[in-house]
Amino acid sequence: MDRTRITLIAALLTIGSSAQRVVPFGTGAAARIQDMEVWNGQLVVAGDATMELLGVEGDEIQSWDGNQVFSFPDLFGTVAIERSLKALDGELYVAGRIAPMGNVVRWDGSAWQTVGEGLPEYVTELCVHDGQLHAGTRDGLVCRWNGTVWDTVGGRFNDDVRTVVSHQGELYAGGWFTADANGNFSAVSATTDVTGA
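All residue numbers refer to position in the chain's written sequence, counted from 1. Where local features are concerned, this predicted model is filtered to residues with pLDDT of at least 70; where side-chain atom pairs are given and counted, the filter is 80 or more; whole-chain, interface and lining totals use all residues. Heavy atoms throughout the structure, all of them, feed into the side-chain values; hydrogens and water do not.

## Looking at the sheet that holds strand S16 (residues 150-152)
One bridge is not enough; two strands pair if DSSP finds at least two bridges between them. Think of it this way: any DSSP run of H or I at least four residues long counts as a helix, any run of E at least two long counts as a strand, and we number them from the N terminus. Within the open sheet, the 4 strands sit side by side as S13-S14-S15-S16. Their pairing is antiparallel. Both edges of this open sheet fall to strand S13 (123-129) and S16, since each of them pairs with a single strand only. Geometrically, the sheet is characterised by an average inter-axis angle of 30° between neighbouring strands, direction not taken into account. The sheet contact formed by strand S15 (residues 142-145) and S16 spans 3 bridges and is antiparallel. Its bridge partner lying in S16, arginine 144 is registered against aspartate 151. An axis is simply a line fitted to the C-alpha atoms; with a helix, the fit covers only the stretch in contact. Between two such axes, the angle follows the N-to-C directions and lies from 0 to 180 degrees.

## Some words on the side chain of serine 84
Locating serine 84 in the fold gives a position in strand S9 (residues 83-88). In protein, a polar contact means a hydrogen-donor-capable atom and an acceptor-capable atom, both N or O and within 3.5 Å, with residues adjacent in sequence counting only if both atoms are side-chain atoms; elsewhere, any N or O pair within 3.5 Å suffices. At 3.4 Å, the side chain of serine 84 forms a polar contact with the side chain of glutamate 125. The contact criterion used is simple: two residues touch if any of their non-hydrogen atoms lie within 4.5 Å. When residues no more than four places from it in sequence are discounted, the contact partners of serine 84 are Asp35, Tyr93, Val94, Ala95, Thr124, Glu125 and Leu126.

## Let's talk about the sheet that holds strand S11 (residues 104-107)
Strand order in the open sheet made by the 4 strands is S9-S10-S11-S12, with antiparallel pairing throughout. Taken across any chain shown, the strands that pair with only one partner, and hence form the sheet edges, are S9 and strand S12 (112-114). Going from strand to strand, the sheet's axes swing by 30° on average, the running direction of each strand aside. Across 6 bridges, S9 lies against strand S10 (residues 91-96) in antiparallel orientation. Bridge pairing in S10 links leucine 88 to glutamate 91.

## Some remarks on the environment of glycine 90
Along the polypeptide, glycine 90 turns up in the loop between S9 and S10. Partly exposed residues are those whose accessible area sits between 20% and 50% of the maximum for their type, while under 20% is buried and over 50% is exposed, using a 1.4 Å probe and protein chains only. Given the relative accessible area of 46%, glycine 90 is considered partly exposed.

## Concerning unusual backbone geometry
Backbone geometry places aspartate 89, a non-glycine residue, at a positive phi of 55°. Structurally, the position occupied by aspartate 89 is in the loop between S9 and S10. The phi torsion at aspartate 130 lies on the positive side, around 50°, for a residue other than glycine. For aspartate 130, the position within the fold is in the loop between S13 and strand S14 (132-137). Residue aspartate 130 is classed as exposed on the basis of its relative accessible area of 63%.

## Re the nonpolar core
In summary, soluble globular proteins display a tendency toward joint burial of nonpolar side chains. If you look at the biggest cluster of nonpolar residues, it comprises 14 residues, and the most contacted ones within it are Val104, Leu119, Val123, Leu126, Leu133 and Trp150. Those elements that provide at least two residues to this core are S10, S13, S14 and S15. The contacts of leucine 126, once residues within four sequence positions are left out, are Ser84, Leu85, Lys86, Tyr93, Val94, Ala95, Leu133, His134, Ala135 and Val164. Grouping buried Ala, Val, Leu, Ile, Met, Phe, Trp, Tyr and Cys residues that are joined through side-chain atoms within 4.5 Å yields what is termed a nonpolar core. Ala46, Phe72, Leu85 and Trp107 belong to the second largest nonpolar core, which has 13 residues in total.

This is the structure:
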């Protein structure tokens, strides 16, 4: 069994009253899995340019509703770069290296749509914090979609933001950075909202 299939197979865990175990998830996926998200009752999976979720050929994003696999239209082409999925208010957002579409898109039910004017550098991670979509970028920014435009949260870090997560009311950024514009922080930092909500 190859490693790419283990990635998705390992995602299905069964938890009993006294034991946990990993069980097979069908035939898995014939691609490296980069992210998964639950959206509208479906497990959405983002992988390499050519996916094959549970034996169904498709492009890099596919979903499974418990009965059948659905394929979303091609978004990334042949570029195998980070992909991040996030569901918010019934919408599915996808981010990564999608420069022609502003690096963050939203599924409208039939096609991918840009999210505002987008972000200039590719997005490494999406997260929901205080009910709003946030993005970490390769150029050291954490940005927030306010429903109309992207706002920068805090200052620019001196290297990539690779992950952002909301925990106990705080937004945390992690990555390859060692400082922000003021010389503060280490590779994991709590981001203080200085732009207002």
